[in-house]
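# Coordinate analysis (summary)
Here is how the chains run, residue by residue.
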Amino acid sequence: QLKKVGTLPFEEIKPEKHQILVKQRIAVMTKKVSILGLGYIGLPTAIVCAEAGFVVEGFDIDVDRVCGINKGDPVIQETDLTEKLHIALRSGMFCA
C-alpha cells in the first residue's frame, strides 16, 4: 500500500522491517577511512581500522615512508605491527 507524501509515493514500512533494511544496507556498504600522517599514531590507527573492516587509505608527506609502508616495511618499531601491516596490505584493506 502506498502513501502519498507531497508528490512522492512512499511505501509504508513497519519500524521492525525498517531496522532490518537499514542493517542490511549498512552490511553491504563499504566503510572507508582516510588517515593523514603514517607515523607513530597514524599507521597503527590505520591498521586497527583495516582490521575492523574499514577500507583504509593512508597519506603522508614523506614519499619514502609511503613507499616503504606499501612494500610492507612499517618504518616504525611496534609489537606485531609488521605482521599486521602485511595482512592489511594482502587483504586490500589498506594502502598508503
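Whatever comes next refers back to the structure up there.
Let me begin by describing the structure that accompanies this report. Along each chain, numbering runs from 1 in the same order as the chain's sequence is written. In keeping with the predicted nature of the model, local features appear solely for residues at pLDDT of at least 70, side-chain atom pairs appear and are counted solely at 80 or more, and the whole-chain, interface and lining totals rest on all residues. Hydrogen atoms and water are omitted, and side-chain values are computed over all heavy atoms in the structure.

### Quick look at the environment of G72
In this text, helices come from DSSP runs of H or I with a minimum length of four residues, and strands from runs of E with a minimum of two, each type numbered from the N-terminal end. Locating G72 in the fold gives a position in the loop between helix 3 (63–70) and helix 4 (81–91). Only protein chains enter the accessibility calculation, which uses a 1.4 Å probe. A residue is then buried if its area is under 20% of the maximum for its type, exposed if over 50%, and partly exposed in between. Judged by its relative accessible area of 6%, G72 is buried. Sequence-wise, G72 and R90 are 18 residues apart; in three dimensions their C-alpha atoms are separated by 9.6 Å. In this structure, G72 is in contact with T82, L85, H86 and L89, ignoring residues within four places of it in sequence. Only heavy atoms enter the contact rule, under which two residues are in contact if any of them lie within 4.5 Å.

### What about the sheet that holds strand 5 (residues 94–95)?
Strands qualify as paired when DSSP identifies two bridges or more between them. Spatially, the three strands line up as an open sheet ordered 3-4-5, and their pairing is parallel. Lying at the two open borders of the sheet, with one neighbouring strand each, are strand 3 (32–36) and strand 5. Relative to strand 5, strand 4 (residues 55–59) is paired through two bridges, and the arrangement is parallel. What sits directly across from E57, in strand 5, is C95. Whenever a helix is involved, its axis is fitted only over the stretch in contact; in every case the axis is a line through C-alpha atoms, and angles between N-to-C directions fall within 0 to 180 degrees. Contacting strand 3, strand 4 and strand 5, helix 2 (residues 42–51) crosses the sheet at an angle of about 170 degrees to strand 3.

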